[in-house]
Amino acid sequence: MKAIRRFTVRPVLPEPLRPLSDLARNLRWSWHTETQELFRCVDPGGWRAAAGDPVRLLGTVSADRMAELARDRRFLRRLAAAADDLDDYLHGRRWYQGAAEGPGSARFPAAVAYFSPEFGVTAALPQYSGGLGILAGDHLKAASDLGAPLIGVGLLYRHGYFRQSLSRDGWQQEHYPVLDPNELPVSLLREPDGTPARVTLALPAGRLLHAHLWVARVGRVPLLMLDSDVEGNGPGARDVTDRLYGGGSEHRLLQEMLLGIGGVRAVRTYCRLTGHPAPEVFHTNEGHAGFLGLERIRELGEAPGLGFDAALEAVRAGTVFTTHTPVPAGIDRFDRELVARHFGDGAELPGVPLDRVLRLGAESYPGGDPGVFNMAVMGLRLAQRANGVSALHGAVSREMFAGLWPGFDASDVPITSVTNGVHAPTWVAPEVFRLGARRIGAGRAEDALSVGGSPRWDAVADIPDAEIWELRRSLREQLVAEVRERLRASWRQRGAGAAELGWIDGVMDPDVLTIGFARRVPSYKRLTLMLRDRERLTELLLHPTRPVQIVVAGKAHPADDGGKRLVRELVRFADDPRVRHRIVFLPDYGMAMAKKLYPGCDVWLNNPLRPLEACGTSGMKAALNGSLNLSVLDGWWDEWFEPDFGWAIPTADGECTDEDRRDDLEAAALYALIEDRVAPRFYDRGAGGLPDRWIEMVRRTLATLGPKVLAGRMVREYVERLYVPAAEAHRAMEPGAAEELAGWKARVRAAWPQVAVGHVEAVDQEAPDGAAGTAGLGSTLTLRVQAALGDLAPEDVEVQVVAGRVDPDDAIRDARSFPLKPAGGPDLEGRWVYEGPLALDRTGPFGYTVRVLPAHRLLPAGADLGLVALPAEAVDVVGGEAGVLLR
């Protein structure tokens, strides 16, 4: 029979065991091995049944077992030590506190609000779908380890992301189990009178959207999650947070309004109730939370407040925007009329002009669609600082969004990059950690994983080859056991009986080279590239002396039938009795599975279409466990690849190569690499019976890549390069300054059509009559530029020379800019003369141009307004042609 009501009965712990509740409710246990071992001791069988979730575990332990533990002095000593360790972790000084007390300590922000549509902190809190959420979870955990004062903001999805299974013929099937927040490691935020705290949004036609606030403790970092499944909401509003990335356009828009607008209100409520410092910086992880900027504009505009333009400047100053997609199709875009309906009269954000809202998301550039509202475009316009998530992705993003800065080369687009990292304490296998701890001590090893520092990672050089190889085999053996268990469960779900599954006991071999491939399944990640030549792949799998085995996992989006067909194609190949002991597909890829996959694989495979992988952090997690990467040069691998610790799959990305031909060529290159280089290195044995060259690559992977791929390194970069400058800009943008900057921008925009570059001349002082088109290395040109400024004054602009090497099309590469100084004017026609030197410090084809940019002390970059004046005609050069000097 089905229950008509559901409620949660919480366990009542004996007084000596009360600290168990605090340990279970702080998600630090998810990356702290000692705390996990403590809970395992409570009830080993129950721990396995609870899938390593201490909240679930404590709800199942019998009263007799609890009474027994309450009398167990040894257990109570361990419990007290774990509780003291957590207290020290939560309240002790860490990197951020030390750095904030150094020179310029006032620069560090008191708090940073970090918004993301998903967070992958632990499998016990399934609020993630893929890399974006895992990255966000690692960001919070690393911030906690560093002591950085972040507040995470997201949504609580009652169905999370879907669980994946397979039909008998290999078709992906989705299941959406209901999550009860009372059974999760979260707590409801309450007002002083005990009532649940909530935020409210106004919807069209007088409707309201209410949300409660659940708080997850991610170490030192609170994660606020808004939940619309509350009394007082109508059916449509109640389902807003039903599932991650579900529903149609309006449903998705409501989710993003709740995340952005409601998220800011949630932060204000949390700070009011807890005394947490108010954020000085707001970080938007992708465009989904972009509406947070509109809510902050509304706050600043409350009477008597700032006008829209001044409020916009104040908001931009303290906002950081991170883009994660390298393709326009990956950006949320809504129908303009749908957005207008939700931000018009009688709806959300009264007092914020609808036309200004719509302009923020308008694709007002060549090729843009005037009928859509672009969330990433709004995110960039509402943030003074923006970044991609690898060096290559930063370059791709500057190209993709260059239309927002017309007249500028892509290299000048103000989007930088901070390469992603992964939270090592989460992803490093305990066995790997213990091996390092034996060399440098547990405390130093923990510090090396969370904060970094290459000298500590260099200790890998002292680990004997035999220990490294023994560790790698042990991890591979654990993976084999995990694969067999999961594969058996999958086949039972597919309808197979026990009598059919005896073959699973022979699946995979702990002494065979193991390749892993696991990720989401959009087409650009090319799940089935390995199947382009099935006979060639089969030969690799069944090689008589150098066999290969492959573990594959991944989820296709529920609405992506193309992705589901790729999954079925892979599954059907893996079902073939000839090869099924050498290649497996494991359904329901998630954090719990990943923690076994990364350490157990010898090689991590990644073969996306370059440059469509923004970063690709799965390979980083594998590397931290001594796995070698075999990848297309995309994302982080393009940035840090060296032959000493992995292999690069060549790409066939010429303009004349069609898709099928490209995939055939790259698959052939992949097969050749495995057959000729990867497998021989794994199986070749030295004099001591060990694969010496392979072990050296493992050692180089750990020592060289280890410090780079850390989320601790990533968060330190965000703090130093983005959060601190944003906090300083926020403080400088007090109301008077914001009004001044907004007025100045309006004046500059109105006057800019009159700004122009006139006559330009360059004289080589050492050879003013030299041969045309030449100049000597080390010589200095004197530049003189006439610039018309119209109604602007010299202090409103900066006149620059931009110089560097030129390609055959006279495009300047590796450009550097130098300011010129006013030397006279204005003349009768209102033109000013600017002068300055240009040193010729490199040989070869060299060129320059000049430009005029707006300049103001509160601008973060010259391209901030997207205004530039360039020469209208060929440059007049004494002794040269068109500004190009050849030598």
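If you're wondering where the values come from, they're calculated on a predicted model, not measured in any experiment.

**Re the pairing of strand β20 (residues 646–649)**
Sheet topology note: the strand β19 (residues 628–632)/β20 ladder contains 4 bridges and is parallel. In the strand pairing of β20, Leu 630 is matched with Trp 647.

**Things to note about the packing of helix α22 (residues 534–541) against helix α27 (residues 659–683)**
Viewed as axis vectors pointing N to C, α22 and α27 meet at an angle of 15°, and their least axial separation amounts to 11 Å. Here α27 runs roughly parallel to α22, going by the angle between their axes. The chirality of how α22 crosses α27 is left-handed. Counting all contacts with α22, which are made through Arg 536, Leu 537 and Leu 540, the residues of α27 involved are Ala 668, Tyr 671, Ala 672, Ile 674 and Glu 675. Its residues placed into classes, the contact of α22 with α27 shows 6 nonpolar, no polar and 2 charged.

**A closer look at the pairing of strand β24 (residues 812–819)**
Strand direction decides the pairing type here: strand β23 (residues 797–806) and β24, joined by 6 bridges, are antiparallel. Across the sheet, Ala 803 pairs through a bridge with Arg 816, a residue of β24.

**Some words on the sheet that holds strand β18 (residues 603–606)**
One open sheet holds the 6 strands; their spatial order is β17-β16-β15-β18-β19-β20, and the pairing between them is parallel. Of all strands in the sheet, those with a lone pairing partner are β17 (583–586) and β20, marking the two edges. Averaged over all pairs of adjacent strands, the angle between strand axes in this sheet comes to 20°, irrespective of strand direction. Here 4 bridges tie β18 to β19, and the two strands are oriented parallel to one another. Its bridge partner being in β19, Leu 605 is matched across the sheet by Leu 630. Its contacts with the sheet put α22 on β16 (548–553) and β17, and the angle it makes with β16 is roughly 115°.

**Overview of the environment of Gln 800**
Structurally, Gln 800 is set in strand β23. Judged by its relative accessible area of 7%, Gln 800 falls in the buried class. If we ignore the near neighbours within four places in the chain, the residues touching Gln 800 are Ser 817, Phe 818, Pro 819, Thr 849, Val 850, Arg 851 and Leu 853. A distance of 2.5 Å separates polar atoms of two side chains, one belonging to Gln 800 and the other to Glu 798.

**Regarding the packing of helix α21 (residues 465–493) against helix α28 (residues 692–705)**
Relative to each other, α21 and α28 sit at 85°, their axes nearing to 10 Å. Between α21 and α28, the crossing angle belongs to the class labelled roughly perpendicular. Contact with α21, carried on its side by Asp 465, Ile 468 and Trp 469, involves Asp 692, Trp 694, Ile 695, Val 698 and Arg 699 of α28 and no other residues of that element. Residue composition of the contact of α21 with α28, grouped by class: 5 nonpolar, no polar and 3 charged.

**A word on α21**
The α-helix advances 3.6 residues per turn, and as a result positions three or four apart in sequence lie on the same side. Counted at 1.5 Å a residue, the expected span for α21 with its 29 residues is 42 Å, and the 42 Å between its end C-alpha atoms agrees. The first or second residue beyond α21 is Gly 495, which carries a positive phi of 100°.

**Details of unusual backbone geometry**
Leave glycine aside and you will find that most residues have negative phi; peptide bonds, for their part, are mostly trans. With an omega of 5°, the peptide bond between Arg 610 and Pro 611 qualifies as cis. For Pro 611, the position within the fold is in the loop between β18 and α25 (618–623). Residues other than glycine seldom take positive phi values, yet Ala 51 does so here, at roughly 55°. Positive phi, normally seen in glycine, also occurs at Arg 526, with a value near 55°. Here Arg 526 lies in the loop between β15 (513–518) and α22.

**Considering a positive patch on the surface**
The grouping of Arg 73, Arg 74, Arg 77 and Arg 78 at the surface amounts to a positive patch. With respect to the helices, strands and loops of the structure, Arg 77 is situated in helix α6 (residues 73–91).

Parameters at a glance
- Residues numbered from 1 in each chain as written.
- Predicted model: local features only at pLDDT ≥ 70, side-chain atom pairs only at ≥ 80, totals over all residues.
- Heavy atoms only, no water.
- Pairing = 2+ DSSP bridges.
- Helix = DSSP H or I, 4+ residues; strand = E, 2+ residues; numbered from the N terminus.
- Axes fitted to C-alpha atoms, helices over the stretch in contact; angles between N-to-C directions.
- Parallel < 35°, antiparallel > 145°, perpendicular 65-115°, else oblique.
- Left-handed = near helix turned anticlockwise from the far one by under 90°.
- Contact = heavy atoms within 4.5 Å.
- Nonpolar A, V, L, I, M, F, W, Y, C, P; charged D, E, K, R; others polar.
- Buried < 20%, exposed > 50% of the residue type's maximum accessible area, 1.4 Å probe, protein only.
- Polar contact = N/O pair within 3.5 Å; in protein donor to acceptor, adjacent residues only side chain to side chain.
- Expected span 1.5 Å × (residues − 1).
- Patch = residues over 30% accessible without salt bridge, like charges linked within 9 Å, V, L, I, M, F, W, Y side chains within 5 Å.
- Areas by Shrake-Rupley, 256 points an atom, 1.4 Å probe, with all protein chains shown as cover.
- Salt bridge = Lys/Arg side-chain N within 4 Å of Asp/Glu carboxyl O.
- Lys, Arg positive; Asp, Glu negative; His and termini not counted.
- Charge placed at Lys NZ, Arg CZ, Asp CG, Glu CD.

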